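Observations on chain architecture
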Amino acid sequence: MPVDAPAAPIPRFDVVIGGGGLAGLTLARQLRRELPEARVAVIERQCRPLPAAAHKVGESSVELSAHYFGVVLGLGEYLRAEHYIKNGLRFFPGGGQTLALEQRTEIGPPEPSRVPSFQLDRGRLEHHLRDLNEADGVALLEGYVVKDVDLAEDGGDHVVHIASVSGEETRTLRAGYFVDATGRRGLLRGKLGLKVPSGHNANAAWWRVKGRVDVSDLVPAGDRQWHMRDPEHLRWYSTVHFMGTGYWLWYIPLAPGAGGEAHTSIGIVVHDEVHAFDAIRTFERALAWVETHEPRCFAQIKDMPAEDFLCLRNFSHGATRCFSPQRWSLVGDAGVFADPFYSPGSDFIALANSFTTEIVKAQLRGGDVAALTARYDRIYLRFFDVTTEVYRKAAPVYGSPRAMAAKVYWDDFNYWSFVCQYFFRRIFALPDAEHDRFEALGQGFAAQQFLAQKLLSEWARRATDEPRPIHITLPPVPSMLANLHLDLVAEMSVDEVYAYIQDKLALSGEVLDELVLRALAALGPEVGADLARAVDLAAWPRRPSAERLAAQALVGGQRRRALPPVVRDMERCLGKAENDGVGPTMRELLALAARPLPAGQSASAPAE
C-alpha cells in the first residue's frame, strides 16, 4: 500500500507581525535594523501597488514620530524628498459662529520648524516600506490575513493560522513572538477580551480631495495685515485646525508623487457630549455640518468631489495589556488609540515598536524578558492614560481662544520637556536602576497634567471671551518654549538629561501656577471663585507663591523684573493675563479657594 508523503515543515519565524500597515511595516524595518539576525514575517491582506493618498488614518507626524521615521528607521532623506515638511500645527479656535477667519484668533508657529515633522502620503510611504523590508529580507506575505493565533503557554512557538483573502488557501506559521498590528480589527484584543473604554467619547469623518486646499484662500487678498503674517505663504503646509466648542475640522496637504497630483485630507472630529455622530456619518451630512459650523470652509470645498469617505464612531479605546510575558505585543490601533488631535497615533506606534524591539532583543540575545515586559506595559498604558487626558475634557476648550492658547503652551511644554526627551534619548532602554528615576519624573508630569486639563476645561466652560483678530505665535523665536523644541536635538549624557527633565518638571509647576492666575484674572472674582471650587484648588499640592502674587501688583519694568523667567516667557508667547494689575483681587481669590466648601454645596461647573 502507498506510503503517505511526509508533511511539509511549518515555516518558523522569530517574529510574525499580523498586519502590514504603518505599525507593522515600521516594526519590521526596526527589527531588521536593530536585530538583523531575527527572521521576520509580515502578513498583510492588501497587495501592491498601493494607491497614492491611501485612505488611512495618520498622515500628520509630530516631533517624536518624525524622529522615529527619520532617524530610527533611517527615512529622513526619503521623507524630505517625497513628502511635505510640515509647518507645525495651526489653530483657529472660537468657531461655530459665522465669524470670518480673519476675525478669529490664529495660534501657530511664525516660521518653519528647525526640528522637522512631516505630512505623509500613507499610500506612497507604505509602498516604499514594503520595498525596503523585502530588500532587507523580511518575508512579506501579501494577500493573506491572520485568522487566528494559538498562543503557546509553555515557552514553545505560537501557531499562526493565515488564509488568502480569496479563502482558497490556508497556511500555518510558527512564531517565537507574535505582534498584533491588525489595526482597529484588534485580533488579540478581541480574542483575549482586552479592550476597555478610554473615557474619551468622540467621533470622526474624513475624506480626500484632489488638489491643494489653501487656508489662505479663505481670507480676501485685500486683507494685507492677515496675509503679511505669512509672507512666505507657508500656512497651508501646517495641519490646520478650524475649531469650536466640541469640534475641530482639519486640512492636511499631501505631496504629489512622481507625475501624480497633490491631494488634501479633510476631516471632522466631534465630541459626543456636544455633537452627535449622526450629524457626520455620511459625506452629505458631513458637508452639511461644515456648512453650519465653518461656512467659509464649506464654500471652498463643497464642489470638490470626495475621493473616498470614512467615519468612525467612538474611535478612542484602551486595553488592559499591550505587552505580555507570553511573548506577544499589540501595536498601533490594535492596542490603544486616543485621538487624532496633536497626531499622537504615530508616536504610540514609535513607542510600542521600540518597546517590542527591546523585548525581542532580550528574548533572542539573553535578558530578563518578564521584567522588560512588565516595565513597558506599565509605561505604555500610563503614557496612554496621560495622553488621553489631553482630550477627555477638551470639548469646551476648543471654543475658547484664550484657554486654547494656554492649552497649546501647556501641552507643548510638557510634550517637549518629557515625552520627546524620553524617546529621543532612548531612556526606555536604560537598566532598571537608571530608568526608575526617570519614571518618577514622568509620574510628576502626569500628576500636573490631570490638574492642568481639568483647570483648562473648567476655565473654558465659564469663559465669555470672543475671538480676537490676532496671531499668537507658538513658539516664538527666541523663547523658552522654542528652546525646549530646539533642545530635542542637543547632545546630552544620561545624567544631563535627568537634570534637564528635573528642571523642566519644576518649571512645569510654575506654568501650572500661572495658568491658575490667568484663569482667575480672566473670569473675575465671582466666577473665578466658582472655578476654584470646581477644580478643588484648596486641595492642590501647590499654588502660586506670595512673591508671584506680589509681582502681579507692580507695574512696568519693576513688574517684569520681579516675574519668574517662565512667567515672562508665557507673557511673551500668550500676552499678559486679562485684567492685568488686579494683584489684591488675586490674593483674595486664592484665599477664598482655600476655604472649605459650606456643607452641602457642590463644586459642579455650570452647564454648557
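Above this text sits the structure in question.
Quick caveat: nothing in here was measured; it's all calculated off a predicted structure.

Digging into the overall build of the protein
Within the protein, the secondary structure is distributed over 18 helices and 20 strands. For the protein, whose C-alpha radius of gyration is 25 Å, the value lies close to the compact-globule estimate of 25 Å for 608 residues. Taken over the C-alpha atoms alone, the protein extends approximately 100 × 60 × 50 Å along its principal axes. Roughly 23,500 Å² of accessible area belongs to the protein as shown, and the carbon and sulfur atoms make up 53% of that amount.

Remarks on the pattern of salt bridges
In this structure the tally under the stated criterion is 50 salt bridges. We note a salt bridge from Lys454 to Glu458, for which the minimum N-O separation is 3.2 Å. Within this pair, Lys454 and its partner Glu458 are both found in helix α12 (residues 432-462), separated by four residues, close to a single helical turn. The partly exposed category is assigned to Lys454, whose relative accessible area is 28%. Residue Glu458 is classed as buried on the basis of its relative accessible area, which comes to 7%. Notably, a salt bridge pairs Asp503 with Lys504, separated by 3.0 Å at the nearest N-O pair. On the accessibility criterion, Lys504 (11% relative accessible area) is buried. Three or more residues are tied together by salt bridges with common partners; here these are Glu273, Lys454, Glu458, Arg461, Arg462, Asp530 and Arg533.

Some remarks on the environment of Leu481
Considering the arrangement of structural elements, one finds Leu481 in helix α13 (residues 480-486). On the accessibility criterion, Leu481 (0% relative accessible area) is buried. With 88 residues separating them along the chain, Leu481 and Asp569 place their C-alpha atoms 7.6 Å apart.

Some remarks on the side chain of Arg104
Within the secondary structure layout, Arg104 lies in the loop between β4 (89-92) and β5 (106-108). Overall, the relative accessible area of 2% leaves Arg104 in the buried class. Engagement of the side chain of Arg104 in a polar contact is seen with the backbone oxygen of Phe92, the distance being 2.7 Å.

Overview of the nonpolar core
For soluble globular proteins, the rule of thumb is that nonpolar side chains tend to be buried together. Ranked by internal contacts, the top residues of the largest apolar core, which has 153 residues, are Ile17, Met404 and Tyr409. Top contributing element to this core by residue count: helix α14 (residues 494-534), with 16 residues. The next biggest cluster of nonpolar side chains, apart from the first, holds 28 residues, and it includes Leu249, Phe277, Leu287 and Cys297.

Points about α14
The terminal C-alpha atoms of α14, which comprises 41 residues, lie only 40 Å apart, well short of the 60 Å expected from a rise of 1.5 Å per residue. Of all the bends found along α14, the most pronounced is centred on Gly524 and spans about 130°, while Pro525, a proline, follows it within four residues. Downstream of α14 by a residue or two, Asp536 has a phi angle that is positive, lying close to 55°.

Each value, and the rule that gives it
Residues numbered from 1 in each chain as written. Predicted model: local features only at pLDDT ≥ 70, side-chain atom pairs only at ≥ 80, totals over all residues. Heavy atoms only, no water. Helix = DSSP H or I, 4+ residues; strand = E, 2+ residues; numbered from the N terminus. Rg over C-alpha atoms; globule rule 2.2 N^0.38 Å. Areas by Shrake-Rupley, 256 points an atom, 1.4 Å probe, with all protein chains shown as cover. Salt bridge = Lys/Arg side-chain N within 4 Å of Asp/Glu carboxyl O. Buried < 20%, exposed > 50% of the residue type's maximum accessible area, 1.4 Å probe, protein only. Polar contact = N/O pair within 3.5 Å; in protein donor to acceptor, adjacent residues only side chain to side chain. Core = buried A, V, L, I, M, F, W, Y, C linked by side-chain atoms within 4.5 Å. Expected span 1.5 Å × (residues − 1). Bend = angle between axes of the 7 residues up to and from the residue.

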